[in-house]
Amino acid sequence: MDDKNKGVSRRHFIETAAITGAGLTIVPRHVLGKGFTAPSDLLNIATVGIGGMGSSNTRAIGSQNIVAICDVDWGYAQRAIDRYAQDLQQRKNPPQNNRQNAQPPQTDPARMAVPTEVLERLVEQVPKAKRYTDYREMLAQQKDIDAVIVATPDHMHAPIALAAMDLGKHVYVQKPLCWSVEEARALAKKAKDNPKIATQMGNQGHSGFESRTTVEYIQQGAVGDVKEVHVWTNRPLGYWPQGLPRPKPLAAPRTGANGQPQTLGWGGRDVEARVAAALAAEGSAPPKDLNWDLFLGVAPQVDYHPVYHPFNWRGWVDWGQGALGDMGAHLVDFPFWALELGMPTAIETISTPFNDICFPNATTTYFEFAARGNKTAIKKT
């Protein structure tokens, strides 16, 4: 068979089978030949939140049927979708070194790992997928969905995943799995009560060759008896802001003992009020393609501000988990995995000032783990 036959659709196959009198709607893989997937084996997948990691997740399963896409910000999401075609064009026509202002070739491992024929299929089918802004409408209206990718801000992971699982959909949820411990327990119970549903948390670092090799080295004693572990990340520095006050205008001037208005000073509270007012002055209405109410979802009502979205939501308690939920899911995973750590016996956290609204600029957390069998007790920072 030539390459043009690799993209055979479910509809085309069934029509062809009927015409030839084959009478078959399910074909085993060996009949189609190496490299081909029977249409009956393909999954119908929906992605909720395709502007960020959802774009990479959708790229990775581009060999399947992408039947629906849901996002609350279609301006941001469309730019991510456009990169599929841009990457395909770059792969087919790589820029020459002598070409003026040429863009560097695509080298991101996750994006390069996708075969060209899969990227071609993705570019063809994603524009045809049904688009939604509200995941509830998508789940209610589109009955052909087999599995759902959830790659929204953290606070909506559990509500969307639980709604999909209630309908018997398989789910792949980006890390961190959820926003709270209560949500984690609800998801675990739902999965246990529905064993036929396939569930997975997206933690791509866990799948890397280097990660698995490092774990094998440690478990085989290459570095000796580990007694202490230190995990560090430079985030949020340079990625998203933390330690900010909620943007809000200045309150009416305070009145002193003499009855005269008092200007703000330069102490801690007054400086925070100045910062909040400066942020508020830069505020604006939500972009026309952003449905802010649906972005908020189950979170408290907060007026839109560009310091919140896109991406900066990670630093705000209402929607994200800061650096711990971002890089912690990767970096903390390795010692837990390699040393087979269980629940800690003690946890202590210190940080720069925390206003309960935006995560602190810097945090250090100390964990202690009891001895496990012939493994020594562990201290982890």
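Residues numbered from 1 in each chain as written. Predicted model: local features only at pLDDT ≥ 70, side-chain atom pairs only at ≥ 80, totals over all residues. Heavy atoms only, no water.

Here's the deal with the overall build of the protein
Stage number 1. In terms of regular secondary structure, the protein is built from 15 helices and 12 strands.
Stage number 2. Total accessible area on the protein stands at roughly 22,400 Å², and carbon and sulfur atoms take up 55% of it. (Helix = DSSP H or I, 4+ residues; strand = E, 2+ residues; numbered from the N terminus. Areas by Shrake-Rupley, 256 points an atom, 1.4 Å probe, with all protein chains shown as cover.)

A short note on unusual backbone geometry
If a residue is not glycine, its phi is most likely negative; likewise, a peptide bond is most likely trans.
Stage number 1. Cis geometry marks the peptide bond from R235 to P236; its omega dihedral reads 15 degrees.
Stage number 2. With respect to the helices, strands and loops of the structure, P236 is situated in the loop between β7 (228-229) and β8 (254-255).
Stage number 3. In the segment running from H309 into P310, the intervening peptide bond is cis, with an omega of 5 degrees.
Stage number 4. With respect to the secondary-structure elements, P310 resides in the loop between α12 (292-296) and α13 (322-326).
Stage number 5. Despite not being glycine, F311 has its phi angle at roughly 70 degrees, a positive value.
Stage number 6. Its place among the elements puts F311 in the loop between α12 and α13.

Considerations on the packing of aromatic side chains
Stage number 1. In total, this model carries 12 aromatic pairs according to the counting rule given.
Stage number 2. Taking 5.2 Å as the distance between ring centres and 80 degrees as the angle between the ring planes, the aromatic pair formed by W292 and Y304 counts as edge-to-face. Placement of W292 in helix α12 and of Y304 in the loop between α12 and α13 is noted, with a sequence separation of 12 residues between them. As far as the burial class goes, W292 and Y304 line up, both buried.
Stage number 3. Here F367 and F369 contribute two aromatic rings whose centre-to-centre distance is 6.2 Å and whose plane-to-plane angle is 20 degrees, an arrangement assigned as stacked. The exposure classification of F367 matches that of F369, with both residues buried.
Stage number 4. Members of the aromatic cluster, joined through ring pairs, are W292, F295, Y304, Y308, W316 and W319.
Stage number 5. The ring of Y239 carries the charged tip of R235 above its face, separated from the ring centre by 4.0 Å.
Stage number 6. Of note, R274 hangs over the ring of W266, and the distance from its end group to the ring centre comes to 3.6 Å. (Phe/Tyr/Trp six-rings, centres within 6.5 Å; stacked < 30°, edge-to-face > 60°. Buried < 20%, exposed > 50% of the residue type's maximum accessible area, 1.4 Å probe, protein only. Lys NZ or Arg CZ within 6 Å of the ring centre and 35° of its normal.)

Re the sheet that holds strand β2 (residues 65-70)
Stage number 1. In spatial order, the strands read β3-β2-β1-β4-β5-β6; together these 6 strands make up an open sheet with parallel pairing. On the outer flanks of this sheet lie β3 (130-132) and β6 (199-202), each paired with one strand and no other. This sheet shows a mean twist of 20 degrees between the axes of neighbouring strands, independent of strand direction.
Stage number 2. Where strand β4 (residues 147-150) and strand β5 (residues 170-174) come together, 4 bridges link them in parallel fashion. Looking at the pairing, I149 lines up with Y172 of β5.
Stage number 3. Packed on one face of the sheet, helix α3 (residues 53-60) meets β1 (44-48), β2, β4 and β5 and runs near 135 degrees to β5.
Stage number 4. Against the sheet, helix α8 (residues 157-166) makes contact with β1, β4, β5 and β6, and its axis sits at roughly 170 degrees relative to β5, the strand it touches most. (Pairing = 2+ DSSP bridges. Axes fitted to C-alpha atoms, helices over the stretch in contact; angles between N-to-C directions. Contact = heavy atoms within 4.5 Å.)

Take it as geometry only, folks, not as evidence of what the structure does.
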